[in-house]
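Take a look at the letters that make up each chain.
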Amino acid sequence: MAEVCTSRLRLRLPREEDAEPLSRLMTPAISARLASWPPYLNPHTAQLRVEEAIASHTHGLCLPFVITRLEDGEVLGWISACRAEADPRRAILTYWVGEHLHGQGIMREAAPAALEAVFRDLDVVEVRAAVQADNDASHAVLRALGMGPLGVGRIWCAPRAR
């Protein structure tokens, strides 16, 4: 079972009981920045999302982590990388933390640990991420990982069907 710890955080595989706290953290402001999460995440939809992530991990398609606080286990957010359909040696990184947790360096701490696990456990040679142009904090996280821009593009947003 995949688990990674940093000085403040534990990144672990999702569990069924994570659905409720994840649904509380997914505000419209968070969802607006994400292509792969629905704008309103009720507990039932969150449960389906967790089950899907567990199944994808079981089949070697994805490495999903729930980000928790090391000291008390509180769920803070999500980071995952899933193999790209067009190239299984490439993974797509997605991540978010609860709105009230922004500015605390949580993703700057979680992302390097998660990325190391992705390269090791998914055995990919490349990881990409899509970020909205005005999301300076996310750009900073990716730069800290050593990632650079590939250019402007468009991605399909399945939860919004656009």
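The structure presented is a predicted model; accordingly, all values stated were derived computationally and were not measured.

Let's talk about the state of the cysteines
And then number 1: Within this structure, the stated rule accounts for 1 disulfide.
And then number 2: One disulfide bridge connects Cys62 with Cys82, the sulfur atoms lying 2.2 Å from each other. Every disulfide takes its handedness from the sign of the S-S torsion; for Cys62 and Cys82 that torsion is -45°, giving left-handed. Taken together, the residues Cys62 in strand E3 (residues 62–69) and Cys82 in strand E4 (residues 75–83) connect sequence positions 20 residues apart.
And then number 3: You can call Cys82 partly exposed: its relative accessible area is 28%.
And then number 4: Looking at the unpaired Cys5, the closest cysteine sulfur is the one in Cys62, lying at 19 Å.

Focus on the confidence of the model for the chain
Parts of the model with low pLDDT should not have their predicted coordinates read in detail.
And then number 1: Taken residue by residue, the chain gives an average pLDDT of 88. The fraction at 70 or more is 91%.
And then number 2: Predicted confidence in the chain is weakest over helix H2 (residues 28–31), with a mean pLDDT of 78, and strongest over strand E2 (residues 9–12), with 98.

The rules behind these values
- Residues numbered from 1 in each chain as written.
- Predicted model: local features only at pLDDT ≥ 70, side-chain atom pairs only at ≥ 80, totals over all residues.
- Heavy atoms only, no water.
- Disulfide = S-S within 2.5 Å.
- Helix = DSSP H or I, 4+ residues; strand = E, 2+ residues; numbered from the N terminus.
- Buried < 20%, exposed > 50% of the residue type's maximum accessible area, 1.4 Å probe, protein only.
- pLDDT = per-residue confidence, 0-100.

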